[in-house]
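# Analysis of the macromolecular model
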Amino acid sequence: MRSVHLTHHSADVTVRDAYARIGDFARYPDLVDTVRRVSVRQDARDGVLSSDWEVDFRNGVLAWEEEDVFDDTALTITFRQTRGDFDTFDGRWLVTPEGAGCRVEFSADFDFGLPTLANIVDPVAERVLRQTIGHILHALIGGQEVAA
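A short tour of the structure in this document, coming up. All values derive from a computational prediction rather than experimental measurement. (Residues numbered from 1 in each chain as written. Predicted model: local features only at pLDDT ≥ 70, side-chain atom pairs only at ≥ 80, totals over all residues. Heavy atoms only, no water.)

## Some details on the packing of aromatic side chains
For any pair of aromatic rings, the description rests on two quantities: the centre-to-centre distance and the angle between the ring planes. Put simply, the rule reads: Pairing of aromatic side chains here covers Phe, Tyr and the six-membered ring of Trp, requires ring centres within 6.5 Å, and sorts the geometry by plane angle: under 30 degrees stacked, over 60 edge-to-face, intermediate tilted. Helix numbers and strand numbers start at the N terminus; a helix is a DSSP run of H or I with at least 4 residues, a strand a run of E with at least 2.
Going through the model one piece at a time under the given rule, you end up with 16 aromatic pairs. With 5.8 Å between their ring centres and 70 degrees between their planes, Y28 and W53 make a pair best called edge-to-face. Of this pair, Y28 sits in helix α2 (residues 28-31) while W53 sits in strand β3 (residues 48-57), placing them 25 residues apart in sequence.

What follows is the structure, given as structure tokens:
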């Protein structure tokens, strides 16, 4: 299983604004070319959404459905693939105050369930995910990535 962790800081965006911007998944295709489509559906439960994603990957498209749980008090969004191209894909967004701005942490674990191809496919997927999330964060809140 592979993991991706990114931390991003913005001095110009408040935690509430950053949290709201990050949670607007349907806007992501307008921010980066890699994300083809995101459809969001409100779940019957408060704070829970379902979203369908299509993302360019190598010479094809990765597609999945995920459950997104929003905790407006903790300023977290946790997600878990419920169906799709990954064997497992889950993670979390966390927004915390930092100075007058905010700090956003993204973490995700994924596994395609293809052990014989893991050494080839997983590093590419990790790089694409890291770059895509970095571009999304830069577009949403400006600022810069913080070295781990």
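Okay, back to it.
## Observations regarding the nonpolar core
Across soluble globular proteins, you tend to see nonpolar side chains buried next to one another. Operational definition: For our purposes a nonpolar core is just a set of buried Ala, Val, Leu, Ile, Met, Phe, Trp, Tyr and Cys residues, chained together by side-chain atoms within 4.5 Å. Working definition: with a 1.4 Å probe on protein chains only, accessible area under 20% of the residue-type maximum means buried, over 50% means exposed, and in between means partly exposed.
In this structure, I22, Y28, W93, V95, V104 and F106 are the most contacted members of the largest nonpolar core, which totals 41 residues. It is helix α3 (residues 118-141) that contributes the most residues to this core, nine residues altogether.

## Regarding empty space enclosed by the protein
Formally: Each cavity reported here is a set of points on a 1 Å grid over the protein atoms alone in which a 1.4 Å probe fits but cannot get out, each pocket an open set with protein on both sides within 12 Å along at least five of seven lines, and each lining residue one with an atom within 4 Å of a point. Grid points are joined across faces, edges and corners, and a volume is the space filled by probe spheres set on the points. Each residue gets one label: Ala, Val, Leu, Ile, Met, Phe, Trp, Tyr, Cys and Pro are nonpolar, Asp, Glu, Lys and Arg are charged, and the others, such as Gly, are polar.
Counted by the stated rule, this structure contains one cavity of 30 Å³ or more. Space inside the largest cavity adds up to approximately 280 Å³. In this structure, the largest cavity is lined by 21 residues; those nearest its centre are V55, W64, F89, L129 and I133. Broken down by secondary-structure element, the contributors of at least two residues to the lining of the largest cavity are β3, β4 (60-71), β6 (88-98), β7 (101-111) and α3. No other element matches the six residues that α3 contributes to the lining of the largest cavity. Of the residues assigned to the lining of the largest cavity, the class counts are 19 nonpolar, one polar and one charged.

## Comments concerning the side chain of T132
Operational definition: Two N or O atoms count as a polar contact when they lie within 3.5 Å, although within protein this holds only if one can serve as hydrogen donor and the other as acceptor, and sequence-adjacent residues are included solely when both atoms are side-chain atoms. Throughout, a contact is declared for two residues whenever any of their heavy atoms are within 4.5 Å.
The topology assignment puts T132 in helix α3. A relative accessible area of 9% places T132 in the buried class. Only 2.8 Å separates the side chain of T132 from the backbone oxygen of V128, close enough to count as a polar contact. When near neighbours in sequence (up to four residues on either side) are disregarded, T132 contacts V32, T34 and V35.

## Some thoughts on the environment of Q144
Among the secondary structure elements, Q144 is positioned in strand β8 (residues 144-145). Using a relative accessible area of 54% as the deciding quantity, one classes Q144 as exposed. Taking the C-alpha atoms as reference, Q144 lies 29 Å from N59; in sequence the two are 85 residues apart. Once residues lying within four places of it in the same chain are set aside, the contact partners of Q144 are T7, H8 and H9.

## Considering the pattern of salt bridges
Stated precisely, the cut-off is as follows: The salt bridge criterion pairs a side-chain nitrogen of Lys or Arg with a carboxyl oxygen of Asp or Glu, the two atoms within 4 Å.
Following the criterion strictly, the structure yields 10 salt bridges and no others. A salt bridge links R41 to D52, with the nearest nitrogen and oxygen atoms 2.6 Å apart. Of this pair, R41 sits in strand β2 (residues 35-42) while D52 sits in strand β3; the two residues are 11 residues apart in sequence, bridging distant segments of the chain. Under the relative-accessibility criterion, D52 is labelled buried at 17%. Here E105 ties to R103 by a salt bridge, and the two come within 3.9 Å at their closest N and O atoms. Judged by relative accessible area, which is 25%, R103 ranks as partly exposed. Through salt bridges with shared partners, a single network forms among R41, D52, E65 and R83.

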